[in-house]
Amino acid sequence: MAGDIVSGPVAVSVVNVIDGDSFVADALVWPGMRLRYTVRVKGIDTPETRRSGCKAEKVAGMAATRRAETLLRSGPVTLQNVEADKYFGRVLADIRIGSSLDMSRTMIGESYALPYHGGKRIDWCDGGPLAARVIDRIVVGATD
């Protein structure tokens, strides 16, 4: 039902990482029953890799994807505060890795993502100083 939130934690197995703020996961909901869903990381927006508006966004998006992959493969992943996304077949969730790592805070803190709380998403190629901070950190000062 619309508005339902599953507080979790819901343990998942990461199937593949789509980009810096979304991945495909399998959740064990009942013995012998797994559900595969695309999970959008709540609270962040990362540069696009597939529909990027410029080369710098694509390069930054690829770096954010690599960082997300490293994080999501570094320990057990659980979803919390899971809710339906506006796109069918996708959920929004807070992501915890291990016992305490918050994926959103980590991605923002390391300048791979910007905070996002709904509404219009940023234009990474002409999004002003916030977008430039992420793009410049990754593209100009790339360390990975």
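No experiment lies behind these values; they were computed from the predicted model shown.

Draft legend 1. The arrangement of the state of the cysteines in detail. Counted by the stated rule, this structure contains one disulfide. A sulfur-sulfur separation of 2.1 Å characterises the disulfide bridge that pairs Cys54 with Cys125. Of note, the bridge from Cys54 to Cys125 carries an S-S torsion of about -100° and is left-handed in sense. One end of the pair, Cys54, is in the loop between strand 5 (44–45) and helix 1 (55–72); the other, Cys125, is in the loop between strand 9 (114–115) and helix 3 (128–140), with 71 residues separating them in the sequence. With relative accessibility at 25%, the residue Cys54 sits in the partly exposed group. Residue class for Cys125 comes out partly exposed when judged on its relative accessible area of 32%.

Draft legend 2. Structural detail: a nonpolar patch on the surface. On the surface, Val29, Trp30, Met33, Leu35 and Tyr37 cluster together to form a nonpolar patch covering roughly 500 Å² of accessible area. Sorting the residues of the nonpolar patch by element identifies strand 3 (22–30) and strand 4 (33–41) as the ones contributing at least two each. Considering every element that reaches the nonpolar patch, the biggest residue donor is strand 4, with three residues.

What counts and how
- Residues numbered from 1 in each chain as written.
- Predicted model: local features only at pLDDT ≥ 70, side-chain atom pairs only at ≥ 80, totals over all residues.
- Heavy atoms only, no water.
- Disulfide = S-S within 2.5 Å.
- Helix = DSSP H or I, 4+ residues; strand = E, 2+ residues; numbered from the N terminus.
- Buried < 20%, exposed > 50% of the residue type's maximum accessible area, 1.4 Å probe, protein only.
- Patch = residues over 30% accessible without salt bridge, like charges linked within 9 Å, V, L, I, M, F, W, Y side chains within 5 Å.
- Areas by Shrake-Rupley, 256 points an atom, 1.4 Å probe, with all protein chains shown as cover.
- Salt bridge = Lys/Arg side-chain N within 4 Å of Asp/Glu carboxyl O.

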